[in-house]
Amino acid sequence: KEMKRHMGDTKHFCPVSLKENFVLHPGLKEHAAKYQEKIYYFSTPAYMDKFLKNPEEYVAHNEPMQAPPLRVCLLGAHGAGKTMCARQVADKLGIFHIQFEKYLQELILPKTKEKVGPNYDEEPEEDYSEILSQDLDAFSQTMTKTETEKSKQEVKLTDEEEAIKANLMDNEALPPEVLDNIVLDWWRKEPFRSTGFILDGFPRTLHEAQYLSERGLCPDVAVYIEVEESDILDRLFPPRLKKWKERQHKKRENKKKLKDLKAKIRV
């Protein structure tokens, strides 16, 4: 009996979501209405009421209704290879590639001047001005003055930028109003609206998945890349080790320069 029903132009998708948000949002059987002998399903009671008030606005006339482009969410652990796969898919399908964490970094980079987060944290440099406080008093004063000037030049972050930084540094959840300013445009504004995209690394948490559901932002496909922990370790450990060795080498070089400087001053 269900198969014999004459479905509307959008089949089991909500026609109001498609018309107003350009999103294929599955309708629910409990929110169904009949118009011109065809059955339409709606994602919410409010959208059903909207349709019944003016159904001609949400049905096809001379041409079939246009479907939105492909929207893909690509998920997986850090180091699973999401970005490499996403680039290949984007190139092959002619859609945008959006790397979520990179996008967040770019939003605050003009003020922070450097990337933030556990993957970019450097070990703090030793305070050589304190070590040489007696022998290099002038040098210490110069360093203190430079640090003071640097702190004055730091630009204060807005509340939204602080929230983004806290998310990158400590994985604190982004408030819905911050996500609204970032995510909504990919579904509703050009050039993403008519081209489509593959969203690399979002949603990352249950909170972000619930946000997409509450806003009616339905991806057409969600792909999770599952990788063995040993493979991720083999991929991520060598560059991390190389970076650590470079820091250690730099630290030894600085100590040597400091020792030479102290010797020259005493002479």
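The structure displayed is predicted, hence computed values, not measured ones.

Please set out the overall build of the chain residue by residue, giving values where relevant.
Counting its regular elements, the chain contains 11 helices and 6 strands. A buried classification covers 33% of the 267 residues belonging to the chain. Sequence-distant contacts in the chain: of pairs separated by 6 or more residues, those separated by 24 or more amount to 71%. About 17900 Å² of surface is accessible on the chain, with carbon and sulfur atoms providing 52% of the total.

I'd like to hear about the state of the cysteines, residue by residue, with values.
Going through the model one piece at a time under the given rule, you end up with 0 disulfides. Here Cys14 stays free of any disulfide, with the sulfur of Cys218 as its closest cysteine sulfur at 9.9 Å. Judged by relative accessible area, Cys14 falls into the buried class, the value being 0%.

Just give me the short version of the sheet that holds strand S4 (residues 96-99), but keep the residues and values in it.
Reading across from one edge, S4-S5-S3-S6 is the order of the 4 strands in this open sheet, with parallel pairing throughout. Each having just a single partner strand, S4 and strand S6 (221-225) make up the two edges of the open sheet. Within this sheet the neighbouring strands show an average axis-to-axis angle of 20°, counted without direction. Here strand S3 (residues 71-76) runs beside S6; their pairing, made up of 5 bridges, is parallel. For Leu74, the partnering residue across the bridge sits in S6 and is Val223. Packed on one face of the sheet, helix H4 (residues 100-112) meets S4 and strand S5 (197-200) and runs near 70° to S4. Running over the sheet, helix H8 (residues 176-188) touches S3, S4 and S5 and is turned about 155° from S5.

Lay out the nonpolar core with the relevant residues and their values.
In this structure, Phe100, Ile164, Ile182, Val183, Trp186, Trp187 and Leu199 are the most contacted members of the largest nonpolar core, which totals 26 residues. Residue assignment for this core shows that the elements contributing at least two residues are H4, helix H7 (159-170), H8, S5 and helix H10 (206-214). The next biggest cluster of nonpolar side chains, apart from the first, holds 11 residues, and it includes Val16, Tyr35, Tyr40 and Val59.

Account for a negative patch on the surface, naming residues and giving values.
A cluster of acidic side chains, namely Glu226, Glu228, Glu229, Asp231 and Asp234, defines a negative patch on the protein surface. Inspection of the secondary structure assignment puts Glu226 in the loop between S6 and helix H11 (229-266). The exposure class assigned to Glu226 is exposed, which follows from its relative accessible area of 71%.

A description of the packing of aromatic side chains should follow, citing residues and the corresponding values.
The tally for this structure, following the rule as stated, stands at 9 aromatic pairs. Summarising the aromatic geometry, the rings of Phe51 and Tyr58 are spaced 6.3 Å apart at their centres and angled 35° between planes, so their arrangement reads as tilted. According to the relative accessible area criterion, Tyr58 is buried, its value standing at 3%. Pairing Phe96 with Phe192 gives two aromatic rings, centres 4.9 Å apart and planes at 55°, and the pair type is tilted. Residue Phe96 is found in strand S4, and its partner Phe192 is found in helix H9 (residues 192-195); the two are separated by 96 residues along the sequence. Judged by its relative accessible area of 30%, Phe96 falls in the partly exposed class. By relative accessible area, Phe192 is classed as buried at 19%.

Rules and cut-offs
- All residue numbers here refer to positions counted from 1 along the written sequence of the relevant chain.
- In keeping with the predicted nature of the model, local features appear solely for residues at pLDDT of at least 70, side-chain atom pairs appear and are counted solely at 80 or more, and the whole-chain, interface and lining totals rest on all residues.
- The side-chain quantities take in all heavy atoms of the structure and omit both hydrogens and water.
- Each helix is a run of H or I in the DSSP string that is no shorter than four residues. Each strand is a run of E no shorter than two, and both are numbered from the N terminus.
- Only protein chains enter the accessibility calculation, which uses a 1.4 Å probe. A residue is then buried if its area is under 20% of the maximum for its type, exposed if over 50%, and partly exposed in between.
- Contact definition: two residues touch when any of their heavy atoms are within 4.5 Å.
- Each accessible area is a Shrake-Rupley result for a 1.4 Å probe, and residues are judged covered by the shown protein chains and nothing else.
- Criterion for a disulfide: a pair of cysteine sulfur atoms within 2.5 Å.
- Any two strands with at least two DSSP bridges between them are considered paired.
- Here an axis means a line fitted to C-alpha atoms, over the contact stretch when the element is a helix, while the angle between two N-to-C directions is reported on a 0 to 180 degree scale.
- In this text, buried Ala, Val, Leu, Ile, Met, Phe, Trp, Tyr and Cys residues form a nonpolar core when linked through side-chain atoms within 4.5 Å.
- Patches were defined on residues exceeding 30% relative accessible area and lacking a salt bridge, with like-charge contacts within 9 Å and nonpolar side-chain contacts (Val, Leu, Ile, Met, Phe, Trp, Tyr) within 5 Å.
- The working definition used for a salt bridge is a side-chain nitrogen of Lys or Arg within 4 Å of a carboxyl oxygen of Asp or Glu.
- None of His or the chain ends enter the tally, which takes Lys and Arg as positive and Asp and Glu as negative.
- Charged groups are reduced to one reference atom each: NZ for lysine, CZ for arginine, CG for aspartic acid, CD for glutamic acid.
- Each Phe, Tyr or Trp ring (for Trp, its six-membered ring) is paired with any other whose centre lies within 6.5 Å, and the angle between the two planes then decides the class: stacked below 30 degrees, edge-to-face above 60, tilted in between.

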